[in-house]
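Coordinate inspection notes
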Amino acid sequence: TKCESGCVCTDGLYENLDGRCVPAEECPCEYGGLAYGKGEQIHTECEICTCSKGKWKCVQKSRCSSTCNLYGEGHITTFDGQRFVFDGNCEYILAMDGCSVNRPVSSFKIVTENVICGKSGVTCSRSISIYLGNLTIILRDETFTVSGQNPGVQYKVKQNVLHLMFDVIIPGKYNMTLIWNKHMNFFIKISRETQETICGLCGNYNGNMKDDFETRSKYVASNELEFVNSWKENPLCGDVYFVVDPCSKNPYRRAWAEKTCSIINSQVFSACHNKVNRMPFYEACVRDSCGCDIGGDCECMCDAIAVYAMACLDKGICIDWRTPEFCPVYCEYYN
């Protein structure tokens, strides 16, 4: 409607992020606040995307993996993306196969054991047992032990300052990566070559979030507590009847928890905000930070933020959020 002074690209050319005029073929693509040139690729868990004329062209990977997260005081995200929270002082089956009535033979079983870690009675996942036939790997007290043997299973252990990682291959069935931060966070990343059903607190991994609360008796529970109680390893262990809200029990801690966890909502993580919904991670961080009331409160908070950082990394966005003052990893930071 009116003329405005300024510079424009001539017909057939487009301004790129450097302010230069380029033909359409050379237009960059944007992802997570970064520019990618023509032909550059990004890899996510299930897709390979290539930049072409300013747009991403994505191809599904032939083998797509899925991750189940257990973190903090009983937060779980299933393989199909269902989220819930539970508090219980028992051993629970996180994931196993051999769930169908026709083929009840299990080639793997992963069990978590919770221990009380605060005056309010909340629990922290501290001990993980991985059963692979006659081979058993126990993760406890920031280290691991291996007992028995199973020539039909291949596994490798990798360590860094923050994590213990296990690559497990059950030939013809599963490729698994198990990541433990030596405290409360545990991730099961699995890709399968079989139609074998999976069951446990991590859900049935069938692509449908709505039936993830399938109990051991093969019916879908009406709520998460009924579902959780059905996956106790020892049936004589006590049932969970309610979930503690640590911020209601410790209202004096809420302001500190909200302030420290607000980094998730801040500019630090802005590149990830439109890729991974931050609110469930922020709420989990506040809840855990209220709950760890006998020491370790900063550890609980840092662990919860690290889970959001890892979800961002799965989408190809690496956030450098630790500093010497905030959730430091001392030697590694300066190395």
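Remember, it's a predicted structure, so these values are computed and weren't measured experimentally. (Residues numbered from 1 in each chain as written. Predicted model: local features only at pLDDT ≥ 70, side-chain atom pairs only at ≥ 80, totals over all residues. Heavy atoms only, no water.)

**Some words on the domain arrangement of the protein**
The assigned domain composition of the protein is domain 1 (13–60), domain 2 (65–230) and domain 3 (246–315). When each unit is reduced to the centre of its C-alpha atoms, the spacing between domain 1 and domain 3 is 32 Å. (Domains from an automatic or database assignment.)

**What about the nonpolar core?**
Of all hydrophobic cores here, the largest spans 46 residues; its most connected members are Leu 94, Phe 108, Leu 132, Ile 188 and Leu 201. Apart from residues lying up to four places away in sequence, Ile 188 is in contact with Ser 66, Thr 67, Cys 68, Phe 79, Leu 94, Ala 95, Ile 110, Thr 177, Leu 178 and Cys 202. If you look at the next biggest cluster of nonpolar residues, it comprises 36 residues, including Tyr 71, Cys 272, Ala 284 and Ala 309. (Core = buried A, V, L, I, M, F, W, Y, C linked by side-chain atoms within 4.5 Å. Buried < 20%, exposed > 50% of the residue type's maximum accessible area, 1.4 Å probe, protein only. Contact = heavy atoms within 4.5 Å.)

**A look at the layout of surface pockets**
Size it by volume and the largest pocket reaches roughly 1100 Å³. Lining the largest pocket are 37 residues, with Leu 162, Ala 306, Trp 321, Arg 322 and Val 329 positioned closest to its centre. Looking at the lining of the largest pocket, the elements that each hand over two or more residues are helix 6 (297–314) and helix 7 (330–334). Of the residues forming the lining of the largest pocket, the biggest block, 11 residues, is contributed by helix 6. Three or more residues apiece are contributed to the lining of the largest pocket by two domains, here domain 2 (65–230) and domain 3 (246–315). (1 Å grid on protein atoms, 1.4 Å probe; cavity = no way out; pocket = protein on both sides within 12 Å on 5 of 7 lines; lining within 4 Å. Points joined across faces, edges and corners; volume = space filled by probe spheres on them. Helix = DSSP H or I, 4+ residues; strand = E, 2+ residues; numbered from the N terminus.)

**Re the packing of aromatic side chains**
Scanning all chains against the criterion turns up 13 aromatic pairs. Seen from their ring centres, Tyr 36 and Trp 56 are 5.5 Å apart, and the 65 degrees between their planes marks the pair as edge-to-face. Of the two residues, Tyr 36 sits in strand 4 (residues 34–36) while Trp 56 sits in strand 7 (residues 55–60), which places them 20 residues apart along the sequence. You can call Tyr 36 buried: its relative accessible area is 14%. When its relative accessible area of 24% is taken as the criterion, Trp 56 is described as partly exposed. Their ring planes at 75 degrees and their centres at 6.3 Å tell us that Trp 321 and Phe 326 sit as a pair that is edge-to-face. Taking the ring centre of Phe 281 as reference, the NZ or CZ of Arg 83 above it sits at 4.7 Å. When the ring centre of Tyr 205 is taken as reference, the NZ or CZ atom of Arg 192 above it lies at 4.0 Å. (Phe/Tyr/Trp six-rings, centres within 6.5 Å; stacked < 30°, edge-to-face > 60°. Lys NZ or Arg CZ within 6 Å of the ring centre and 35° of its normal.)

**A short note on the packing of helix 3 (residues 254–261) against helix 5 (residues 279–291)**
Contact pair helix 3 / helix 5: the axes reach a minimum separation of 8 Å and the direction vectors enclose 140 degrees. It follows from the interaxial angle that helix 3 and helix 5 lie oblique. At the point where helix 3 passes helix 5, the crossing takes the right-handed sense. Facing helix 3, whose interface residues are Arg 254, Trp 256, Ala 257, Glu 258 and Cys 261, helix 5 presents Tyr 282, Cys 285, Val 286, Ser 289 and Cys 290. Residues that form the contact of helix 3 with helix 5 fall into these classes: 7 nonpolar, 1 polar and 2 charged. (Axes fitted to C-alpha atoms, helices over the stretch in contact; angles between N-to-C directions. Parallel < 35°, antiparallel > 145°, perpendicular 65-115°, else oblique. Left-handed = near helix turned anticlockwise from the far one by under 90°. Nonpolar A, V, L, I, M, F, W, Y, C, P; charged D, E, K, R; others polar.)

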